[in-house]
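One-letter residues, chain by chain:
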Amino acid sequence: MFKSIVNLFFPKVCYACHHLLNDNEDAICTTCRHSLPVTNFHFNTNNTIKHVLYGRAKIENGTALFRFEKKSIVQQLIHNLKYRGHEHIGFVLGNWLGSELQTIPHYKNIDIVIPVPLHKKKLKTRGYNQVTKFGEQIARALDAKYIDDVLIKITNTTSQVNKKRLGRWYDNKTLFTTQNTASVNNKHILLVDDIITTGATIEACISALNTSQNITISVAVMAIA
């Protein structure tokens, strides 16, 4: 009864279509969930993320939960996550992808999950890193450690949405550094982010992480453009 009263005054809505959610739905309604463009990269041999990073950064495995298109429900979800304070979306997507990855042999040997970090100024303004809960839930599913104090963003940048490939590569080249690297030496790291487009940010993160000793890196993101 109390739950019903709460829902009456603070109704739960789908973060994709804004329709009211049923009691058994969380963040995304069943209709939207079934219409989301899942990639299934981790279930087949299509390693598109490896192709994006080919010749620029070496990864063991790479996957994305969704395909990203402008004016799509995927864009709506990620926009609500990043800019409207709906951090719970990251929790739901992390549960979704984590439950699938834990069935894939290639991902069962992940030791550490590391998020692509925000610069401290942007983190202070936004109040949270949009991939934190996503990464935490994947780490929990894979029985891995979630570590967010190794990879550090040292340069604050503007949004890269409208930047071309060369501009992104130039901006990201020296954005990241590492600290406390002893905790990741000799480990298999899963690097997580929200969207991969040109791969410039992931490439820069991998370059920074490769200053550690004897590491293997895989990548998991919410969406690929």
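Before going into details, it helps to say that this report is about the structure given with it.

Basis of the calculations
- Residues numbered from 1 in each chain as written.
- Predicted model: local features only at pLDDT ≥ 70, side-chain atom pairs only at ≥ 80, totals over all residues.
- Heavy atoms only, no water.
- Buried < 20%, exposed > 50% of the residue type's maximum accessible area, 1.4 Å probe, protein only.
- Helix = DSSP H or I, 4+ residues; strand = E, 2+ residues; numbered from the N terminus.
- Pairing = 2+ DSSP bridges.
- Core = buried A, V, L, I, M, F, W, Y, C linked by side-chain atoms within 4.5 Å.
- Contact = heavy atoms within 4.5 Å.
- Phe/Tyr/Trp six-rings, centres within 6.5 Å; stacked < 30°, edge-to-face > 60°.
- Lys NZ or Arg CZ within 6 Å of the ring centre and 35° of its normal.
- Right-handed = clockwise from strand over helix to strand, strands pointing away.
- Axes fitted to C-alpha atoms, helices over the stretch in contact; angles between N-to-C directions.

Considerations on the pairing of strand 1 (residues 62-67)
The buried fraction of strand 1 is high, at five of six residues. Bridge count between strand 1 and strand 7 (residues 216-224): five bridges; the pairing is parallel. Opposite Ala-64, over in strand 7, you have Val-221 as the bridge partner.

Looking at the nonpolar core
Among the nonpolar cores identified, the biggest contains 37 residues, and Ile-28, Phe-66, Leu-93, Ile-138, Leu-142 and Leu-190 are the most heavily contacted of them. For this core, the secondary structure elements donating two or more residues are strand 1, helix 4 (73-83), helix 5 (88-101), helix 7 (132-141), strand 6 (188-196) and strand 7. Per-element accounting of this core gives the leading share, six residues, to helix 5. With near-sequence residues (within four places) excluded, Leu-142 lies in contact with Leu-101, Gln-102, Tyr-107, Ile-110 and Leu-190. One finds Phe-41, Leu-53, Val-116 and Ile-202 within the second-largest nonpolar core, a separate group that totals 29 residues.

Let's talk about the packing of aromatic side chains
Inspection of the entire model under this criterion finds one aromatic pair. Their ring planes at 80° and their centres at 5.3 Å tell us that Phe-66 and Trp-96 sit as a pair that is edge-to-face. With Phe-66 in strand 1 and Trp-96 in helix 5, this pair connects stretches of sequence that are 30 residues apart. Here Phe-66 and Trp-96 have matching classes, each one buried. A cation over a ring is seen here: Arg-33 above Trp-96, with NZ or CZ 3.9 Å from the ring centre.

Focus on the pairing of strand 6
Within strand 6, eight of the nine residues are buried, which leaves the element mostly enclosed by the surrounding structure. Across four bridges, strand 2 (residues 112-115) lies against strand 6 in parallel orientation. Across the sheet, the residue bridging to Ile-112 is Ile-189, located in strand 6. Looking at chain direction, strand 6 and strand 7 are connected through eight bridges and run parallel. Within strand 7, the residue paired with Ile-189 across the bridge is Ile-217. Taking the sense of rotation as the criterion, the β-α-β connection linking strand 6, helix 9 (residues 200-209) and strand 7 turns out right-handed.

Describing unusual backbone geometry
In this model, Ala-27 sits at a positive phi of 75°, which is unusual for a non-glycine residue. Tracing the sequence through the fold places Ala-27 in the loop between helix 1 (2-9) and helix 2 (30-35). A positive phi is found at Asn-40, a non-glycine position, where the angle reads about 60°. Along the chain, Asn-40 turns up in the loop between helix 2 and helix 3 (48-53). On the basis of relative accessibility, which here comes to 32%, the residue Asn-40 falls in the partly exposed class.

With respect to helix 4
Inspection of helix 4 places Val-74, Leu-77, Ile-78, Asn-80, Leu-81 and Lys-82 among the buried residues, and these make up the whole buried set. Where helix 4 is buried, its residues contact strand 1, helix 5, helix 6 (120-126), strand 6 and strand 7.

A short note on the sheet that holds strand 3 (residues 145-146)
With respect to topology, five strands assemble into an open sheet ordered 1-7-6-2-3, the strand pairing being parallel. Lying at the two open borders of the sheet, with one neighbouring strand each, are strand 1 and strand 3. Packed onto the sheet, helix 4 meets strand 1, strand 6 and strand 7 and runs at close to 110° relative to strand 7. Those strands touched by helix 5 are strand 1, strand 6 and strand 7, and its axis lies near 135° from that of strand 1.

Shape descriptors only; they carry no functional weight alone.
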